[in-house]
Amino acid sequence: MAIKKNGAKQLRKRLNSECADGLAYSKKVRKLHAQMAEAEKTLKEAEPQTEADKIDYDDESLVIPDPDCDPEHPRTVTFSDISSAMFNIKSGVVHTPCSKSLQLSNLYGFELYFKKEYLQVTGSFKERGARYALSHLTAAERKIGVIAASAGNHALALCYHGKLLNIPVTVAKDYAMRFGKEKGLKYINGYDAPDILAGQGTIGLEILEQVPDVDAVLVPVGGGGLIAGVAVAIKTLKPECHIIGIETETCASFTAAIKEGRPIAVETSSTLADGLAVPTVGGNSLKTAAPMIDQIITVSEEVIALSILRLIEVEKAVVEGAGAVGLAAIISNKVPHLKDKKVVCILTGGNIDTTVLGRSIERGLAVDGRLVRIEVVVSDRPGGIAELTTHIAHSGASIKDIFHERAWISTDVFSVKVKIIAETRDRTHVQELEALLKEKYKNVTIL
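Definitions and cut-offs
- Residues numbered from 1 in each chain as written.
- Predicted model: local features only at pLDDT ≥ 70, side-chain atom pairs only at ≥ 80, totals over all residues.
- Heavy atoms only, no water.
- Phe/Tyr/Trp six-rings, centres within 6.5 Å; stacked < 30°, edge-to-face > 60°.
- Lys NZ or Arg CZ within 6 Å of the ring centre and 35° of its normal.
- 1 Å grid on protein atoms, 1.4 Å probe; cavity = no way out; pocket = protein on both sides within 12 Å on 5 of 7 lines; lining within 4 Å.
- Points joined across faces, edges and corners; volume = space filled by probe spheres on them.
- Helix = DSSP H or I, 4+ residues; strand = E, 2+ residues; numbered from the N terminus.
- Nonpolar A, V, L, I, M, F, W, Y, C, P; charged D, E, K, R; others polar.
- Salt bridge = Lys/Arg side-chain N within 4 Å of Asp/Glu carboxyl O.
- Buried < 20%, exposed > 50% of the residue type's maximum accessible area, 1.4 Å probe, protein only.
- Pairing = 2+ DSSP bridges.
- Contact = heavy atoms within 4.5 Å.
- Axes fitted to C-alpha atoms, helices over the stretch in contact; angles between N-to-C directions.
- Parallel < 35°, antiparallel > 145°, perpendicular 65-115°, else oblique.
- Left-handed = near helix turned anticlockwise from the far one by under 90°.

Participant: Whenever I open this one, the packing of aromatic side chains confuses me. Can you help?
Facilitator: The geometry of an aromatic ring pair comes down to the distance between the two centres and the angle between the two planes. The full count for this structure, using the stated rule, is zero aromatic pairs. Directly above the aromatic system of Phe414 lies the positively charged group of Arg381, at a separation of 4.9 Å from the ring centroid.

Here it is, written out as structure tokens:
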């Protein structure tokens, strides 16, 4: 008994000691953090303040307009501009293939071709406009360099070709125009600068060279630069070819701009096609493209995910959401008038985050009826769940995940709700599985 008392006393002493040590350590850490914060504050106060530090960048009166992209005086890109761009960039960018997809053509009833711009070195069509814009700089502008506001494909393209052409490139997240003016850097708008539009238009010339009798081209639309250039190139040489723009339902800014007759801001929300999430289209792009576009279509997030999945499985192509919207329009039957015709989809890029890619594949499987969630109330007695899983296994479905709950069901206390994530072959298989389970159980839900 004495041994037990001594042991308990020693345990309390050790616990009290550890607690005191922990409190002392936490106190030291807080003190150290306070000292570091004070040191940073002192250092910042000691630094001389520049003129740029004194500027309130949120002051709207200080907004600097882009002389190349004035919405009040938009410029129209011409076929001669695109021809010039084609000549200037032909040795600097990849002449990407435009190949027919036999499987998807048979599956959806189109003669379907894919213009594979994701095969550019930096993974997107943006290289064309970037290369031409950089090659069009004056000697003085080349020496000082350029600046862009981008965290995506436009920045990648400018940086890559800037290095090749020995032109300094600065990428800014915010206030690029003001910073560029202070440093003397030329600002290059990623979707509305005339040289950018002309460069993107070279895709249209290549499409006509590769598929001369094309009936329609499906073009992803964000800021509008791509469809503006492509429309001018194709409509000039083949006026009967349909130019159809594809937007996401979460950011239909080009649709709104055409309706209003001018660029207007629209509300946006998160989307798989983040490259198309431009709330206000470019004025130059709108003025150039609007008279030449035959149709604008919007597609849902679910179908974009399914399109990404289809391209991976069938074409062995990893394409970002923005590049998959053309196929999404076909899958969702938004262009039935093009059945049996030659249609080109521009796969604009392949720069998709691996985490987003994984989520897109799962979402696509769910939309395709190949990943389902099953909820069944079964007996909570021994063998109840085993019997359910046996029925599912015999149906040919594969269980990926399973868990059960007892507290939040409205049936008797001797029942349990089992939730299962299962892989199935297709929607027909899902219907067969649902019919089988409803024969065996009263409460069955398949989502």
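Participant: What am I meant to see in the layout of surface pockets here?
Facilitator: Over the atoms rolls a probe the size of a water molecule, and in doing so it shows where empty space is left. The space that makes up the second largest pocket amounts to roughly 200 Å³. Forming the boundary of the second largest pocket are 15 residues, of which Arg75, His136, Ala193, Pro194 and Asp195 lie nearest the centre. Counting only elements with at least two residues in the lining of the second largest pocket, the list comes to helix H4 (126-135), strand S5 (186-187) and helix H8 (194-210). For the lining of the second largest pocket, the element with the most residues is H8, which contributes three residues. For the lining of the second largest pocket, the residue count by class is eight nonpolar, two polar and five charged.

Participant: I would appreciate a short explanation of the pattern of salt bridges in the present structure.
Facilitator: Proximity of charged atoms lets side chains of opposite charge pair with each other. Counted by the stated rule, this structure contains 19 salt bridges. Measuring nitrogen to oxygen at the nearest pair gives 2.9 Å for the salt bridge that ties Lys235 to Asp294. Here Lys235 is found in helix H9 (residues 225-237), whereas its partner Asp294 is found in the loop between helix H11 (283-289) and strand S8 (295-299), with 59 residues between them in sequence. Judged by its relative accessible area of 16%, Lys235 is buried. Connected via shared salt-bridge partners are Lys100, Glu111, Asp213 and Lys342.

Participant: In this structure, what is going on with the sheet that holds S5? I would like to understand it.
Facilitator: Each strand in a sheet pairs with its neighbour through backbone hydrogen bonds, running either in the same direction (parallel) or in the opposite one (antiparallel). With parallel pairing, three strands are arranged side by side in an open sheet as S4-S3-S5. Unpaired on one side and paired on the other, strand S4 (169-172) and S5 mark the two borders of the sheet. Here strand S3 (residues 146-149) pairs with S4 via four bridges, running parallel. In the strand pairing of S4, Val146 is matched with Val169. Packing against the sheet, helix H6 (residues 153-164) makes contact with S3 and S4, and its axis sits at approximately 165° to S4.

Participant: Would you explain the packing of H8 against H9 in this entry?
Facilitator: Axis angle and axis distance: for two packed helices, these are the angle between their axes and the distance between the axes, and together they describe the pair. H9 packs onto H8 with a crossing angle of 45° between their chain directions and a minimal axis gap of 7 Å. It follows that H8 is oblique to H9 by the angle criterion. In the packing of H8 onto H9, the handedness of the crossing is right-handed. Where H8 approaches H9, its residues Leu197, Gln200, Gly201, Ile203, Gly204, Leu205 and Leu208 are matched on the opposing element by Gly225, Leu226, Ala228, Gly229, Val230, Ala233, Ile234 and Leu237. Looking at the contact of H8 with H9, its residues break down into 10 nonpolar, five polar and no charged.

Participant: Where do I start with the environment of Asn166 in this structure?
Facilitator: Among the structural elements, Asn166 can be located in the loop between H6 and S4. Its relative accessible area of 68% is what places Asn166 among the exposed residues. Separated by 21 residues in sequence, Asn166 and Gly145 place their C-alpha atoms 9.2 Å apart.

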